[in-house]
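Listed below, chain by chain, are the residues.
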Amino acid sequence: MNLDTTLYFITDSSTVPAEKFLPSVEAACKGGATIIQLREKNKSTREYMELAASVHEITSRYNVPLIIDDRVDVALAIGAEGVHVGQTDMPVAVARKLMGPGKIIGATTKTVPQALEAYEQGADYCGVGAIYPTTTKVVTILTSVDTLKEIVKAVPIPVNAIGGLNKDNIHVLAGSGIAGICAVSAIQKAADPEAAARELKAAFLAL
């Protein structure tokens, strides 16, 4: 499995009109997103499944892996490439057991012990943050760049930074050794998500 987490786009459908959501996913794919996570906190299981199937149709055309946040059942139901679990979600080991060996399992980790545990349980990558305060509706605890660097050194899997990142502030991550960056608002709320994705990816690759 070729896992490229260079530009990891995490969706937030609550910030855009419904008719703009799927076009924004396609725009992110066109702009160079290498992996996409569908994150829905307030939809029913059926709504989540239906949206996930529509998103997967788009990401499959661009050969971009689709990760479902938190919900292994939804990921399995629509044949997504993987699932992402947080510290209060299903343990990585259980998600791996349910998803099977060929799927991508990601984990949110904020400390070295959490990252080591995720790796030992079979995670394929870690998302670490928040580096900056965010506007998304998830509870954010800030993570220092020093902690981020320690996590990168501690685990042999890709580590991505997340949290309020945009092309103008990612310079703080220079020299951190991360495999990529995660972006929500910087792409989702952009007037031109395709251009935003392209600029953010270029800014990261130039670090």
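Residues numbered from 1 in each chain as written. Predicted model: local features only at pLDDT ≥ 70, side-chain atom pairs only at ≥ 80, totals over all residues. Heavy atoms only, no water.

(A) Structural context of the overall build of the chain. If you tally the helices and strands in the chain, you get eight helices and eight strands. Taken along its principal axes, the extent of the C-alpha atoms in the chain is 40 × 40 × 30 Å. Residues classed as buried in the chain amount to 49% of the 207 residues present. Across the chain, the fraction of contacts at a sequence separation of at least 24, relative to all contacts at a separation of at least 6, is 59%. Summed over all atoms, the accessible surface of the chain reaches about 9,400 Å², with 54% contributed by carbon and sulfur. (Helix = DSSP H or I, 4+ residues; strand = E, 2+ residues; numbered from the N terminus. Buried < 20%, exposed > 50% of the residue type's maximum accessible area, 1.4 Å probe, protein only. Contact = heavy atoms within 4.5 Å. Areas by Shrake-Rupley, 256 points an atom, 1.4 Å probe, with all protein chains shown as cover.)

(B) Up close: the pairing of strand β2 (residues 35-38). Of the two faces of β2, the one holding Ile35 and Gln37 and the one holding Ile36 and Leu38 are both buried throughout. Where strand β1 (residues 7-10) lies against β2, three bridges are found, and the strand directions are parallel. Looking at the pairing, Phe9 lines up with Ile36 of β2. Taken together, β1, helix α1 (residues 18-30) and β2 form a β-α-β motif whose crossover is right-handed. Pairing of β2 with strand β3 (residues 66-69), which is carried by three bridges, proceeds in the parallel orientation. When the bridges of β3 are listed, Gln37 appears paired with Ile67. (Pairing = 2+ DSSP bridges. Right-handed = clockwise from strand over helix to strand, strands pointing away.)

(C) Expanded view of the packing of α1 against helix α2 (residues 45-61). The geometry of α1 relative to α2 is characterised by a closest axis approach of 9 Å and an angle of 25° between their N-to-C directions. Relative to α2, the element α1 lies roughly parallel. Relative to α2, the crossing made by α1 is right-handed. Side by side, α1 and α2 meet where Phe21, Leu22, Val25, Glu26 and Cys29 of the first sit next to Leu51, Ser54, Val55, Ile58, Thr59 and Arg61 of the second. A per-class count over the contact of α1 with α2 returns seven nonpolar, two polar and two charged. (Axes fitted to C-alpha atoms, helices over the stretch in contact; angles between N-to-C directions. Parallel < 35°, antiparallel > 145°, perpendicular 65-115°, else oblique. Left-handed = near helix turned anticlockwise from the far one by under 90°. Nonpolar A, V, L, I, M, F, W, Y, C, P; charged D, E, K, R; others polar.)

(D) Layout of the side chain of Arg96. Along the chain, the position of Arg96 falls in helix α4 (residues 92-99). Once you skip the residues sitting within four places of it in the chain, Arg96 turns out to touch Pro101, Lys103, Ile105, Gln121, Gly122 and Asp124.

(E) Focus on a nonpolar patch on the surface. On the surface, Leu76, Val94 and Leu98 cluster together into a nonpolar patch covering about 240 Å² of accessible area. One can find Val94 in helix α4. Given the relative accessible area of 36%, Val94 is considered partly exposed. (Patch = residues over 30% accessible without salt bridge, like charges linked within 9 Å, V, L, I, M, F, W, Y side chains within 5 Å. Salt bridge = Lys/Arg side-chain N within 4 Å of Asp/Glu carboxyl O.)

(F) Layout of the state of the cysteines. Across all of its chains, the model carries zero disulfides by this definition. Unpaired in terms of disulfides, Cys29 finds its nearest cysteine sulfur in Cys182, a separation of 15 Å. With a relative accessible area of 7%, Cys29 lands in the buried category. Summary of cysteine pairing: Cys182 is not part of a disulfide, and the nearest cysteine sulfur, belonging to Cys126, is at 11 Å. Taking relative accessible area as the criterion, Cys182 reaches 4% and is therefore assigned buried. (Disulfide = S-S within 2.5 Å.)

(G) View of the sheet that holds β2. Strands sit in the order β1-β2-β3-β4-β5-β6-β7-β8 around a closed barrel of eight strands; the barrel is parallel. Strand after strand, the sheet turns through a mean of 25° between neighbouring axes, direction not considered. Against the sheet, helix α6 (residues 145-154) touches β6 (125-129) and β7 (159-162), its axis set at about 160° to β7. Together, β1 and β8 (180-183) form the strand contacts of helix α8 (residues 193-205), whose direction differs from that of β8 by roughly 150°.

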